[in-house]
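# Examining the three-dimensional arrangement
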Amino acid sequence: MWKLTKVAAVAAVLAASASAGAGEVEVLHYWTSGGEAKSVAELKKIMQGKGHTWRDFAVAGGGGDSAMTVLKSRVISGNPPSAAQTKGPAIQEWASEGVLANMDALAKAEKWDDLLPKVVADIMKYKGAYVAAPVNVHRVNWMWGSSEALKKAGVAAMPKTWDEFFAAADKLKAAGLVPVAHGGQNWQDFTTFESVVLGVGGPKFYQDALVKLDDKALNSDTMKKSLETFRRIKSYTDPGAPGRDWNLATAMLIQGKAGFQLMGDWAKGEFLAANKVPGKDFMCAAAPGTTTSYTFNVDSFILFKLKDASAQKAQSDLASSIMSPEFQEVFNLNKGSIPVRAGQKMDKFDDCAKASAKDFADTAKSGSLLPSVAHGMAIAPATEGAIKDAVSQFWNDDKVSVADAMKKIATAAKTK
Ligand code: BGC
């Protein structure tokens with residue numbers, strides 16, 4: 001009987017879809033680097049294959065800060081796009097404004113609850129109803145290595161601890177290479193910072209300090225040690241880092257000019273777009289000290305309330321396509337991430353992705369699966385912005401002492 005009900009529900013959604021013709025989807029995203037553009041092109045192709053018109057609304061700027069500013073002005077002027085790349089607690093903020101569409105009919109018909117890990121499904125829902133569709137799982141606590149640079153410097157293996165890391169960085173420096181490729185936005189600083197906090201303090205400390213924003217943890221010796229380690233890494237970056245985009249930092253590894261980059265696995269998308277082979281031309285390893293933990297970053301699209309029936313139909317097809325096995329595979333093969341949908345075959349994926357999928361499942365069981373703060377998965381956007389600024393001030397200005405930085409971060413953590 002329950003099966004019949006589900007079949008009827010699917011039929012109802014399909015019938016509703018069939019009654020509206022092809023429509024337009026306007027999709028706001030910030031996927032403009034080489035690997036990112038290849039990935040989003042796959043979604044466009046699928047939508048065009050369904051007869052819809054794709055209106056690309058790309059706003060350059062890694063991490064998406066510029067895209068979010070543009071999105072706010074569009075929504076305030078009463079002209080939202082069909083979908084916008086948005087994630088984590090920001091989804092709840094948008095939904096509480098009453099501007100998002102309820103996608104539950106589709107989600108129920110397609111059994112999204114059964115297809116998504118609960119931790120992800122919960123982020124996509126507002127008051128129990130789906131308002132967003134997830135595309136992937138990015139792991140943030142990765143470190144990338146350039147095989148050419150490491151070979152030149154005589155670094156035999158990817159470092160597993162921070163001590164090993166600094167020893168390797170010294171060798172790279174001595175060989176005349178840039179030990180750490182880094183860029184110049186606050187989210188890049190924080191991507192490194194949160195991996196350091198996790199590596200130095202472990203998963204419980206990460207959770208207490210950066211997710212729960214516990215005052216004691218933020219003012220502890222472990223935080224002091226994290227900031228000291230973070231500052232030490234800075235001394236291995238080059239003077240060109242300020243203002244550099246993350247993908248240009250990845251390019252330094254691709255060209256063999258730099259040894260390491262601490263960055264999420266969208267960096268792998270850049271290596272792959274440049275036809276580089278994992279395990280041969282470049283190496284992936286968990287950031288030092290973080291092998292048994294996983295900071296996750298789930299890209300997703302919020303879906304706005306639309307008036308026009310054909311636009312609604314195109315939007316529903318977009319959400320359905322995003323959750324389809326075909327899209328989840330082809331998109332994530334290009335993007336560097338792994339599918340978020342359960343039961344996907346991983347045979348076409350490389351070893352970095354396979355390790356990511358295994359570690360995602362393992363850490364979910366062991367309690368060391370953690371939301372990335374740098375990538376908007378853990379805390380309210382205003383608090384996140386304030387903490388990021390405090391951390392970047394410390395990174396950019398050697399005159400800010402560790403003690404002052406700790407105070408500033410703890411104060412920023414109280415921002416509502
Ligand atoms: C997003 C990725 C994106 C990266 C660089 C991250 O926050 O989740 O999809 O590739 O920023 O823009």
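## Considerations on the pattern of salt bridges
All chains considered together, the criterion is met by 23 salt bridges. The salt bridge involving Glu 42 is made with Lys 45; its shortest N-O contact spans 3.3 Å. Of this pair, Glu 42 and Lys 45 both sit in helix H2 (residues 34–49), three residues apart, roughly one helical turn. Judged by its relative accessible area of 17%, Glu 42 falls in the buried class.

## Notes on the state of the cysteines
By the definition in use, this model includes one disulfide. With its sulfur 2.3 Å from that of its partner, Cys 284 forms a disulfide with Cys 352. On the sign convention where negative is left-handed, the bridge of Cys 284 and Cys 352, at about -105° about the S-S bond, is left-handed. With a gap of 68 residues between them, Cys 284 in strand E11 (residues 282–286) and Cys 352 in helix H17 (residues 351–366) connect regions that are remote in the sequence. Note on Cys 284: relative accessible area 24%, which makes it partly exposed.

## A look at the domain arrangement of the chain
Under the domain assignment used here, the chain contains domain 1 (6–138 + 297–362) and domain 2 (140–295 + 365–412). Residue-level contacts link 34 residues of domain 1 with 30 residues of domain 2. Of the roughly 2400 Å² buried where domain 1 meets domain 2, counting both sides, 58% is carbon and sulfur surface. Our count for the domain 1 to domain 2 interface comes out at one salt bridge. Between Lys 268 and Asp 350 there is a salt bridge, with the nearest N and O atoms lying 3.1 Å from each other. Of all the elements in the fold, those that place two or more residues in the side of domain 1 that touches domain 2 are H2, helix H4 (89–96), helix H7 (118–124), helix H16 (325–335) and H17. Among the elements that take part in the side of domain 1 that touches domain 2, H17 stands out by supplying eight residues, more than any other.

## So, the sheet that holds strand E9 (residues 178–180)
Taking strand neighbours across the sheet as the criterion, the four strands line up as E9-E10-E8-E11 in an open arrangement whose pairing is mixed. At either margin of the open sheet sits one strand with a lone partner, and together these are E9 and E11. Across the sheet, the mean angle separating the axes of adjacent strands is 20° when strand polarity is ignored. Of the strands in this sheet, strand E8 (142–146), E9 and strand E10 (258–262) are in contact with helix H13 (residues 246–254), which crosses E10 at around 145°.

## Re the environment of Leu 116
Structurally, Leu 116 is set in the loop between helix H6 (112–115) and H7. Along the sequence, Leu 116 and Asn 332 sit 216 residues apart, while their C-alpha atoms lie 16 Å from each other. Those residues in contact with Leu 116 that sit more than four places away from it in its chain are Ala 121, Tyr 130, Pro 134, Met 323 and Val 340.

## Looking at the packing of H2 against H16
At a minimum axis distance of 7 Å, the contact between H2 and H16 shows a crossing angle of 165°. It follows from the interaxial angle that H2 and H16 lie roughly antiparallel. Note that H2 runs across H16; the crossing there is right-handed. Of H16, the residues touching H2 (which contributes Gly 35, Glu 36, Lys 38, Ser 39, Val 40, Glu 42, Leu 43 and Ile 46) are Phe 327, Val 330, Phe 331, Asn 334 and Lys 335. Taken together, the residues of the contact of H2 with H16 sort by class into six nonpolar, three polar and four charged.

## Remarks on the packing of aromatic side chains
Counted under the stated rule, the structure contains 20 aromatic pairs. Plain terms: the ring middles of Trp 94 and Phe 304 are 5.8 Å apart, the flat faces sit at 80° to each other, and that makes the pair edge-to-face. Separated by 210 residues along the polypeptide, Trp 94 in helix H4 and Phe 304 in the loop between strand E13 (300–303) and helix H15 (309–322) bring together distant segments of the chain. The buried category is assigned to Trp 94, whose relative accessible area is 10%. With a centroid separation of 5.1 Å and 65° between ring planes, the pair formed by Phe 193 and Phe 230 is classed as edge-to-face. Placement of the pair is Phe 193 in helix H10 (residues 186–211) and Phe 230 in helix H12 (residues 221–234), with a sequence separation of 37 residues. Side by side, Phe 193 and Phe 230 carry an identical accessibility label, which is buried. These aromatic residues form a ring-pair network of at least three members: Trp 162, Phe 165, Phe 166, Tyr 236 and Phe 260. In this arrangement the basic side chain of Arg 139 is found over the ring face of Trp 142, its NZ or CZ atom lying 5.1 Å from the centre. Above the ring of Phe 166, the side-chain terminus of Arg 232 is found at 3.8 Å from the ring centroid.

Criteria and thresholds
Residues numbered from 1 in each chain as written. Predicted model: local features only at pLDDT ≥ 70, side-chain atom pairs only at ≥ 80, totals over all residues. Heavy atoms only, no water. Salt bridge = Lys/Arg side-chain N within 4 Å of Asp/Glu carboxyl O. Helix = DSSP H or I, 4+ residues; strand = E, 2+ residues; numbered from the N terminus. Buried < 20%, exposed > 50% of the residue type's maximum accessible area, 1.4 Å probe, protein only. Disulfide = S-S within 2.5 Å. Domains from an automatic or database assignment. Contact = heavy atoms within 4.5 Å. Buried area = accessible area lost by both parts, 1.4 Å probe. Pairing = 2+ DSSP bridges. Axes fitted to C-alpha atoms, helices over the stretch in contact; angles between N-to-C directions. Parallel < 35°, antiparallel > 145°, perpendicular 65-115°, else oblique. Left-handed = near helix turned anticlockwise from the far one by under 90°. Nonpolar A, V, L, I, M, F, W, Y, C, P; charged D, E, K, R; others polar. Phe/Tyr/Trp six-rings, centres within 6.5 Å; stacked < 30°, edge-to-face > 60°. Lys NZ or Arg CZ within 6 Å of the ring centre and 35° of its normal.

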